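# Structure assessment
Spelled out from the first residue to the last, the chains are:
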Amino acid sequence: MKMVSPAEWRPVGLEDLEPAAWEALKYDGNSCVVAGPGSGKSEFLAQRAAYLLQTHICPPPYRILAISYKREAAQNLQDRIVRTCSPEQSRRFASVTFDAFTVGLARRFRKALPAAWQLTPNFRVVFPDQGTIRESLRNSRLDAPGDWKAEVGGILYKTFEIYEGGSWRLPPESDQVNSGTHFALARWWLSLLAADPISTPNFILLNRLAELIQRVNPQVARALAATYKYVFVDECQDTTFAQYDFLESLFNNSGTIVTSVGDDKQRIMSFGGARPDFFAVFQADFGARRFVLRCNYRSSPSLVKLQHVLARQIDEDVPEVESRTDGLLPSSAAQMWYSVSAESELRALSSAIAKDMNLRRLVPRDYAILTRNRPDSYERQVEAAMAHEGLTVRNESRDVGGIALQDLMAQSLTRAVVPFLKLAARERDPESWISACKIVQDLRGSDYEDDPTLQRALRELNVFISGLRRDACRLSVGRENARLLAEKIIEFFDLEQTALAFPDYRDSEFLVLVKDALLFHLADSAEGATSWDAVIENFLGAGSVPLMTIHKSKGLEFDTIVLIGLDDQGWWQYSRGNVEELSTFFVAVSRAKQRVVFLYCRERGKRSKVAELYELLESAGVPWRDRR
């Protein structure tokens, strides 16, 4: 693709951008873009990347690094760039999670760590339980110097690593500590590094080690800055203390231009260590210019008005947003349903979804049932009620071989297997063939410009797909044969090459865990299916209404959102004025394109704690509907 001049460049696949987005897209300095729900945050980043690459403002060999909080967001952004840019350009765009990037640096430059903080070659990432951390703190208090004992004793184990650890830059020597907190942190992290026979760091420690590597090895920092001329930080409001400190240490004053995009009203990850002050700190540290996007391309005008009422409760100075989509249900865009029993509530809900689906010609995944937490506690009742209408429900939080189903579906291995399954089941599927070609190129390490290598990889793919189709034709549909087909695909990938191609799988044990979970779920999906296409549909959940937590819905959108369990029991952490809980509620409402339904069932619990939410809905004119 030839170079386009900045003056002639136009958005790819879009008619236009709103004025603030245009200005932010072309700004050649550090920037902070406030992008509310439905503002096209991912689209903005994809267009900015296309602009920088296609105009050669980011010329070869420079690259763009996009860092996201969630794996799904990182993959979504990478997919957009592949569709938007030429192969040469998309190869210079790297979209990863914070964890994948810092773990990759720690693994690649492990030998550059000071001796006191050395990792073993094949370290394994772990998630220590709170009891282990508590025990470490107790021992640190006993062994701490006298004047530090009280400080160590006052440390809260739940925030020990998230806040204190996330803000502490490791010293080159582990004994260079000057407080009881740092003494306890050093002891805890050194115990993880010294685990026998291999180190067992967690993600926070790996972040701290990656920051230390580039700080004590200027050549590493210079190499990274020379590689990434531009850095994007997606969903920046979820950035943790440790992640922000790494970002600031590596890229501030490095010549790299950083664009952060997010929305403070959607900051619902405080329990994971998200900084409450990211926007203010980033603007001050990086001298970033602030841009505010004011259009919502997802939600109808009625829902945008409701969202504004909620947003003002979080931030009274929030500007009004303009809806850029049609309202198809102006008189019923938002409703509160009152039911006496769970049975009557869910019977009414199932009937309404079935009728609406038929009337508006929608599909099950146009709807989503959201809970504040514990979707398992609603699953059986919702499933039974939906079955009466011929509908199925899929609990996206269901544990599948040690991985939540929604997380399994976002895994790189799962996403790679799916197009191969489709090619096995169907005579023609051009989109899956293109995906399979890209996957093979990544797995085999073939380059677009290396024609002989590329041609060999494609010939190998063609032979394999032909054999896979023959296998699918002769094998009866069932659990064992579904596993057999998937095992053949994974064997073709080669687990060692898969680990090299996808940074998330440098931990071989995790890759095996994902593989086993994938095989288990595919076998389950074959239960009762009459065709391989039906197996794939079941595997993807295409014919089911998703049931998930609000946190898991973040970044997704649906025509209709149903919020179940809006009561004191479901929202037991809620208290009046609790900003994070208000933000969680705001996130739930903002997932909807056309309709949101709030369910209150007297049988489930009272609504005194969450009275503020109902007051807000009533003030916004949301009507009650009796569904007893």
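None of the values given here were measured: they were computed from a predicted structure.

### Details of the overall build of the protein
Per the secondary structure count, the protein includes 27 helices and 17 strands. Here the C-alpha atoms of the protein give a radius of gyration of 26 Å, agreeing with the 25 Å that 2.2 N^0.38 yields for 628 residues. Scored against the burial criterion, the 628 residues of the protein give a buried share of 56%. Sequence-distant contacts in the protein: of pairs separated by 6 or more residues, those separated by 24 or more amount to 79%. As displayed, the protein offers around 27100 Å² of accessible surface, 50% of which is attributable to carbon and sulfur atoms. Taken as two groups, the 78 positive and 82 negative side-chain charges of the protein have centres that lie 1 Å from each other.

### Description of the packing of aromatic side chains
All chains considered together, the criterion is met by 28 aromatic pairs. Between F101 and Y228, the ring centres sit 6.1 Å apart and the planes meet at 75°, which makes this aromatic pair edge-to-face. Here F101 is found in helix α5 (residues 98-108), whereas its partner Y228 is found in strand β4 (residues 228-233), with 127 residues between them in sequence. Residue Y228 is classed as buried on the basis of its relative accessible area of 9%. The ring centre of F123 lies 4.2 Å from the NZ or CZ of R107, which sits over that ring. One Lys or Arg, R627, reaches over the ring of W337 and ends 4.6 Å from the middle of that ring.

### What about the environment of R169?
If you trace the backbone, R169 turns up in the loop between α8 (160-167) and α9 (180-193). You can call R169 partly exposed: its relative accessible area is 29%. When the C-alpha atoms of R169 and E211 are compared, they prove to be 7.5 Å apart, with 42 residues separating the residues in sequence. Setting aside its immediate chain neighbours within four residues, R169 contacts R208, E211, R215, D245, E248 and S249. One polar contact links R169 to D245, side chain to side chain, over a distance of 3.0 Å.

### Topic: α8
Taken as a whole, α8 has its buried residues at F160, E161, I162, G165 and G166. One face of α8 carries all of its buried residues, which in axial projection span an arc of 165°.

### Here's the deal with the pairing of strand β14 (residues 544-549)
For β14, the tally of buried residues reaches six of six residues, placing the bulk of the element in the interior. As judged from the four bridges shared by strand β11 (residues 392-395) and β14, these two strands associate in the parallel manner. Counted as the bridge partner of V393 is V545 from β14.

### Here's the deal with the side chain of Q237
Its place among the elements puts Q237 in the loop between β4 and α12 (241-251). Judged by relative accessible area, which is 0%, Q237 ranks as buried. A polar contact of 2.7 Å, which involves the side chain of Q237, links it to the side chain of E235. Among the polar contacts listed, one links the side chain of Q237 to the backbone nitrogen of D263, at a separation of 2.9 Å. Setting aside residues no more than four positions away along its own chain, Q237 makes contact with G262, D263, D264, Q266, R267, A274, R275, F279 and K554.

### Brief notes about the sheet that holds β14
On the basis of which strands lie adjacent, the open sheet formed by seven strands has the order β11-β14-β10-β15-β16-β9-β17 and parallel pairing. At either margin of the open sheet sits one strand with a lone partner, and together these are β11 and β17 (624-626). Between one strand axis and the next, the sheet turns through 25° on average, direction left out of account. Bridging between strand β9 (residues 334-339) and strand β16 (residues 592-601) involves six bridges; their strand directions are parallel. Counterpart to A334 in the pairing with β16 is V596.

### Quick notes on the packing of helix α21 (residues 479-493) against helix α23 (residues 508-526)
Contact geometry of α21 with α23 gives a least axis separation of 8 Å together with a crossing angle of 145°. Judged by the twist between their axes, the crossing of α21 over α23 is right-handed. When α21 is examined against α23, the residues R479, A482, R483, A486, E487 and I490 are found in contact with a partner set consisting of K515, L518, L519, F520, L522, A523, D524 and A526. Taken together, the residues of the contact of α21 with α23 break down into nine nonpolar, no polar and five charged.

### Thoughts on the pattern of salt bridges
Counting across every chain of the model gives 41 salt bridges. Between K554 and E235 there is a salt bridge; the shortest N-O distance is 3.2 Å. Within this pair, whereas K554 is found in the loop between α25 (550-553) and β15 (558-563), its partner E235 is found in the loop between β4 and α12, the two being separated by 319 residues in sequence. Of the residues examined, E235 reaches a relative accessible area of 13% and is grouped as buried. Note that R479 is salt-bridged to E527, the shortest N-O span being 3.1 Å.

### Observations concerning empty space enclosed by the protein
One pass over the full model with this rule turns up one cavity of 30 Å³ or more. Space inside the largest cavity adds up to approximately 70 Å³. For the lining of the largest cavity, the secondary structure elements donating two or more residues are α18 (412-425), α21 and α24 (532-540). Considering only residue class, the lining of the largest cavity consists of ten nonpolar, no polar and no charged.

Conventions we followed
- Starting afresh in each chain, residues are numbered from 1 along the sequence in its written order.
- Only residues with pLDDT of at least 70 get local features here, since the model is predicted, and only at 80 or more are side-chain atom pairs given and counted; chain-wide, interface and lining totals rely on the full set of residues.
- Side-chain metrics in this entry use all non-hydrogen atoms of the structure; hydrogen atoms and water are not considered.
- Numbering goes from the N terminus for both helices and strands, where a helix is a DSSP run of H or I of at least four residues and a strand is a run of E of at least two.
- To get the radius of gyration, use the C-alpha atoms; to get the globule rule, take the number of residues to the power 0.38 and multiply by 2.2 Å.
- The rule is simple: take the accessible area with a 1.4 Å probe, protein chains only, and divide by the maximum for that residue type; under 20% is buried, over 50% is exposed, in between is partly exposed.
- A contact between two residues is defined here by any heavy atoms of the two lying within 4.5 Å.
- All accessible areas in this document rest on Shrake-Rupley with a 1.4 Å probe, and a residue is counted as covered only by the protein chains that are shown.
- A positive count includes Lys and Arg, and a negative count includes Asp and Glu. His and the chain ends are not counted in either.
- By convention, the point assigned to a charge is CZ for Arg, NZ for Lys, CD for Glu and CG for Asp.
- The criterion for an aromatic pair is that two Phe, Tyr or Trp rings (for Trp, the six-membered ring) have centres within 6.5 Å, with stacked assigned to planes under 30 degrees apart, edge-to-face to planes over 60 apart and tilted to the rest.
- Lysine and arginine charges are scored as sitting over a ring when NZ or CZ, respectively, is within 6 Å of the ring centre and within 35 degrees of the ring normal.
- Residues adjacent in sequence count toward polar contacts only when both atoms are side-chain atoms; beyond that, a polar contact is any pair of N or O atoms within 3.5 Å, and within protein one must be able to donate a hydrogen and the other to accept it.
- Arc definition: directions from the helix axis to the C-beta atoms.
- Strands were regarded as paired on the criterion that DSSP finds at least two bridges between them.
- Between N-to-C directions, angles span 0 to 180 degrees; the directions come from axes that are lines fitted to C-alpha atoms, helices contributing only their stretch in contact.
- In this scheme, a crossing is called left-handed if the near helix is turned counterclockwise away from the far one by less than a right angle; it is called right-handed if the turn is clockwise.
- In this classification, Asp, Glu, Lys and Arg are treated as charged, Ala, Val, Leu, Ile, Met, Phe, Trp, Tyr, Cys and Pro as nonpolar, and every other residue, Gly included, as polar.
- Between Lys or Arg on one side and Asp or Glu on the other, a salt bridge is scored when a side-chain nitrogen of the former is within 4 Å of a carboxyl oxygen of the latter.
- Throughout, the protein atoms alone are placed on a 1 Å grid, and a set of points is a cavity if a 1.4 Å probe fits but cannot get out or a pocket if it is open with protein on both sides within 12 Å along at least five of seven lines; lining residues have an atom within 4 Å of a point.
- Grid points are joined across faces, edges and corners, and a volume is the space filled by probe spheres set on the points.

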